[in-house]
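# Chain and residue survey
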Amino acid sequence: MTKDLHVTDLIPAYVLGALDGDEARWIAEHLAACSVCRETLVQYEMVMTELAYTAPQTEPSPAVKQKLMARVRAADTPAPVPPIASLPQNSWWNALLTLFKPMPRSLIATAVVLAIVAGVWWFASPQKQPVPAGQMQTVALLGTDAAPDAEGVMIIGADGRDGAVVVEHLPPLDETHQYQLWLIKNGKRTSGAVFSVDEEGYGVAPVRPGRPLTDFSAFGITIEPAGGSPAPTGQKVLGGSL
Amino acid sequence: MNYSTVDDQTLIKLIAQAMPDALEALYQRYHRLVFSLALNVVFEKTAAEEITLDIFTKVWEKAATYQPERAQVKTWLVTLTRNRAIDWLRRQQVRVDGSSISWAQISPENTPASADNPAHATETKLRQERIRAAVAQLPPEQQQVVVLAYFKGRTHREIAELTNLPLGTVKTRLRLAMQKLHRLLFDEHMSV
């Protein structure tokens, strides 16, 4: 085993898993503390990735995809729900950037405008047509007098079931309060998500109500005790209709 | 929703937000790579399909833990797949004849083209040609140790036993092979 400051000679073998257990553990410990060797590691991982392409590319049977999608859509498959704080800021900006090109100065503003335009067009249409199945939908959330600068958007996935809420310019709350999203149908409110915003008022949360989001006619966000409430108790800050 | 213009990292972020459509898009993009790698490690279609299913299920479950600064999405997938497939090999205690293994056995020339995304198929084909050309420039003895390490998951010591070579020779050949592949693929100087 080398006594050099860096262990670059051993990194190719480490990447391939060709080192014995003790040696591999030693290298792993060294990598945790050495940025130079970590960069070398990244380089050889790229080689390892390319080597995968030496295998002739063939198709698995269609049943693999069917099983996979059945698994992730099943009610008992836990979906990853990261804490809001762990999400990088602007993660949904990046997602929206890709979905709504060209990029405007404010992505949410553009999504709001698009949603409003689509909503106005739809409302004014002599014959209202449902949104074609298989298309992602957005619903603009507009700030109330309690939060006039706030903006938001409900994003409903192409299957109409799951989605996410993205908000901006909402005042950060103290630790005893959080924002709560309500899904509204026939006057009845169902909790959709409980979340906090960062110091700049930005927040994002997945919404998986267990029934299609397209069942609901409107969405609202209120200020509630931390952890949420069974029904809205606080000020409404954002709202929008499907 | 057309995800074809969404980059890999954004897809992972969407998957972490529990968007099944995003997982489906990632599957469409990489299922062939994952399955083919698994198949060329385990040489059993049913096992390779199970591994493919497991890998994408793991992506669904662990997307929030993916660190973009650590590795590209493709590298993450390849690493997960290779490790899983080699685990399968070890559990099956598959015997390997080190004297006869060669790259030709792993990589026959015929590669079915994809019909669903021509641009992706073209990129894949170019990658294949590039890596195969690089491998072809390795001396046969270096190719042999890389195959044993990469597709059979053998350690230095195991390769030395299989090939009846000194341990130091195996270590040197593997290191030189990987260094040469890196130079050929990425045209960068690696200090040693």
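Quick caveat, the model's predicted, so the values are computed rather than measured. (Residues numbered from 1 in each chain as written. Chains lettered and ligands numbered in written order. Predicted model: local features only at pLDDT ≥ 70, side-chain atom pairs only at ≥ 80, totals over all residues.)

### Here's the deal with the overall build of chain B
This is how it is decided: Helix and strand assignments come from DSSP, with helices taken as H or I runs of at least 4 residues and strands as E runs of at least 2, each series counted from the N terminus. With C-beta atoms placed from the backbone, a contact is any residue pair whose C-beta atoms sit within 7 Å.
For chain B, the helix and strand inventory stands at nine helices and zero strands. Reading the helices (α) and strands (β) of chain B from amino to carboxyl end gives α-α-α-α-α-α-α-α-α. Of the contacts made within chain B by residues no fewer than 6 positions apart, 65% connect residues no fewer than 24 positions apart.

### Notes on the confidence of the model for chain A
All names here are of chain A. How we decide: Along the chain, pLDDT gives the predictor's confidence residue by residue, from 0 to 100.
Across chain A, the average pLDDT comes to 77, with 74% of residues at or above 70. When mean pLDDT is taken per element in chain A, helix α1 (residues 11-16) scores highest with 95 and helix α5 (residues 91-99) scores lowest with 44. Confidence drops under a pLDDT of 50 for residues 81-131, and excluding neighbours within four residues, the segment shows 56 contacts in the predicted structure.

### A word on the interface of chain A and chain B
Here is the rule: Put simply, Ala, Val, Leu, Ile, Met, Phe, Trp, Tyr, Cys and Pro go in the nonpolar bin, Asp, Glu, Lys and Arg in the charged bin, and everything else, Gly too, in the polar bin.
At the junction of the two partners, chain A supplies 56 residues and chain B supplies 67 residues. Elements with a minimum of two residues in the side of chain A that touches chain B: α1, α3 (35-51), α4 (62-73) and α5 of chain A. No other element matches the 10 residues that α3(A) contributes to the side of chain A that touches chain B. Its residues assigned to classes, the side of chain A that touches chain B comprises 30 nonpolar, 14 polar and 12 charged.

### Quick look at the packing of helix α6 (residues 118-136) of chain B against helix α9 (residues 167-186) of chain B
Two measures define how a pair of helices packs: the angle their axes make with one another and the distance between the axes. All names here are of chain B. Applied cut-off: Throughout, an axis means a line fitted to C-alpha atoms (over the contacting stretch in the case of helices), and angles, computed between N-to-C directions, take values from 0 to 180 degrees. An angle below 35 degrees is treated as roughly parallel, one above 145 as roughly antiparallel, one from 65 to 115 as roughly perpendicular, and anything else as oblique. Handedness of a helix crossing follows the sense of rotation of the near helix relative to the far helix, less than a right angle counterclockwise being left-handed and clockwise being right-handed.
At a minimum axis distance of 9 Å, the contact between α6 and α9 shows a crossing angle of 140°. As far as their axial angle goes, α9 and α6 are oblique. Pair α6 / α9 crosses with right-handed handedness. Along the contact surface, α6 presents R130, I131 and A134, while α9 presents L181, L184 and L185. Classifying every residue of the contact of α6 with α9 gives five nonpolar, no polar and one charged.

### Looking at helix α1 (residues 8-16) of chain B
Along an α-helix, residues three or four positions apart point the same way, because every turn accommodates 3.6 residues. We apply this condition: A residue is called partly exposed when the number of other C-beta atoms within 10 Å of its own lies between 12 and 20, exposed at 12 or fewer, and buried at 20 or more, with C-beta atoms placed from the backbone.
The buried fraction of α1(B) is high, at seven of nine residues. Phi for B:A18, located one or two positions after α1(B), is positive at around 65°.

### Here's the deal with the nonpolar core
Note the cut-off: Among buried residues, those of type Ala, Val, Leu, Ile, Met, Phe, Trp, Tyr and Cys that are joined through C-beta atoms within 7 Å form a set called a nonpolar core.
Grouped together as the largest cluster of nonpolar side chains are 76 residues, with contacts concentrated most on B:I15 and B:A38. Considering every element that reaches this core, the biggest residue donor is helix α2 (residues 20-42) of chain B, with 14 residues. Residues contacting B:A38, with those up to four places away along its chain left out, are B:A48, B:I51, B:T52, B:T81 and B:A85. With 33 residues, the next largest nonpolar core counts A:M154, A:Y202, A:V204 and A:A205 among its residues.

### A few points about the confidence of the model for chain B
All names here are of chain B. Taken residue by residue, chain B gives an average pLDDT of 87. The fraction at 70 or more is 84%. Every residue in residues 188-192 scores below 50 in pLDDT, and together they form six contacts with partners more than four places removed in sequence or on other chains. Here the prediction assigns the complex a pTM of 0.60, and the interface score ipTM is 0.90.

### Here's the deal with the environment of B:W60
For B:W60, the position within the fold is in helix α3 (residues 45-62). Residues B:W60 and B:P20, 40 residues apart in the sequence, show an inter-C-alpha distance of 8.4 Å.

### Observations regarding the packing of α3(B) against helix α4 (residues 73-92) of chain B
All names here are of chain B. Closest axis-to-axis distance for the α3/α4 pair is 10 Å, and the angle between their directions is 135°. Put simply, α3 runs oblique to α4. When you trace α3 past α4, the crossing you get is right-handed. Here α3 contributes A47, I51, D54, I55 and K58 to the contact with α4, which in turn contributes L77, L80, T81, R84, A85 and W88. Among the residues making up the contact of α3 with α4, the classes are represented as seven nonpolar, one polar and three charged.

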